[in-house]
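Read off the chains here:
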Amino acid sequence: LADAYMQMGDYGRALDVLKTADRRWSADPEILNAMGTIQVRRGALDDAISTFKRATEAPSDDALAWFNLGRTYELKYFKLRRYIQSEARWISNPEDRKNAAACYAEYVKRGGPYAEDARKALQNLQWVQ
């Protein structure tokens, strides 16, 4: 049902369905990954980070949550990044970059279908300051 709402672009209703499912089956990484994905699409990156963190703490061995958490930290890092002309440099929260790299590294360690994407993201994050 949540997928159908997402395909229709009704993220609010999809999120409501997933929140109901989360209350019933708490700590299910599939539900948490779906919730976090919707939160990212809505621009609620801090909420998505909290949700993906919960997914990484779930008792399953779901590597995808690590990738999603890394990607969300990366998105937040670049969203908040600003060029300071007087200093002639870019600034952002270095913790977001550090957390993104740590999550991608954990995903690569655990393995998954997006391992190459995670490696590329790690490489890109090393070049950005």
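Our structure is the block above this text.
Residues numbered from 1 in each chain as written. Predicted model: local features only at pLDDT ≥ 70, side-chain atom pairs only at ≥ 80, totals over all residues. Heavy atoms only, no water.

A.B. asks: Break down the pattern of salt bridges for me, citing the residues and quoting the values.
C.D. replies: Pairing is possible between side chains of opposite charge, provided their charged atoms come close. Enumeration over the complete set of coordinates arrives at 10 salt bridges. The shortest N-O distance in the salt bridge between Asp46 and Lys76 comes to 2.8 Å. Taken together, the positions of Asp46 in helix H4 (residues 45-56) and Lys76 in helix H5 (residues 64-80) put the pair 30 residues apart, joining distant regions of the chain. You can call Lys76 buried: its relative accessible area is 18%. Here Asp96 makes a salt bridge to Lys76, at a shortest N to O gap of 3.9 Å. One end of the pair, Asp96, is in helix H6 (residues 94-110); the other, Lys76, is in helix H5, with 20 residues separating them in the sequence. Taking the relative accessible area as the measure of exposure, Asp96 reaches 3% and is therefore buried. Salt bridges linked by common partners bring Asp61, Glu106, Lys109 and Arg110 together as one network. (Salt bridge = Lys/Arg side-chain N within 4 Å of Asp/Glu carboxyl O. Helix = DSSP H or I, 4+ residues; strand = E, 2+ residues; numbered from the N terminus. Buried < 20%, exposed > 50% of the residue type's maximum accessible area, 1.4 Å probe, protein only.)

A.B. asks: Can you tell me about H4, naming the residues and giving the values?
C.D. replies: For H4, with 12 residues, the first-to-last C-alpha span of 16 Å sits near the 16 Å given by 1.5 Å per residue. Listed as buried for H4 are Leu45, Ala48, Ile49, Thr51, Phe52, Ala55 and Thr56. Taken end-on, H4 shows its buried residues confined to a sector of 170°, consistent with a single buried face. In the core, the buried residues of H4 are packed alongside helix H3 (29-41) and H5. (Expected span 1.5 Å × (residues − 1). Arc of directions from axis to C-beta. Contact = heavy atoms within 4.5 Å.)

A.B. asks: Explain the packing of H6 against helix H7 (residues 115-127) residue by residue, including any values.
C.D. replies: Where H6 contacts H7, the two axes come as close as 9 Å, and the packing angle between them is 150°. Relative to H7, the element H6 is oriented roughly antiparallel. Considering how the two elements wind past one another, H6 and H7 form a crossing that is left-handed. For the pair formed by H6 and H7, the contact residues are Arg97, Ala100, Ala101, Tyr104, Ala105, Tyr107 and Val108 on the first element and Ala115, Ala118, Arg119, Ala121, Leu122 and Leu125 on the second. Taken together, the residues that form the contact of H6 with H7 break down as 11 nonpolar, no polar and 2 charged. (Axes fitted to C-alpha atoms, helices over the stretch in contact; angles between N-to-C directions. Parallel < 35°, antiparallel > 145°, perpendicular 65-115°, else oblique. Left-handed = near helix turned anticlockwise from the far one by under 90°. Nonpolar A, V, L, I, M, F, W, Y, C, P; charged D, E, K, R; others polar.)

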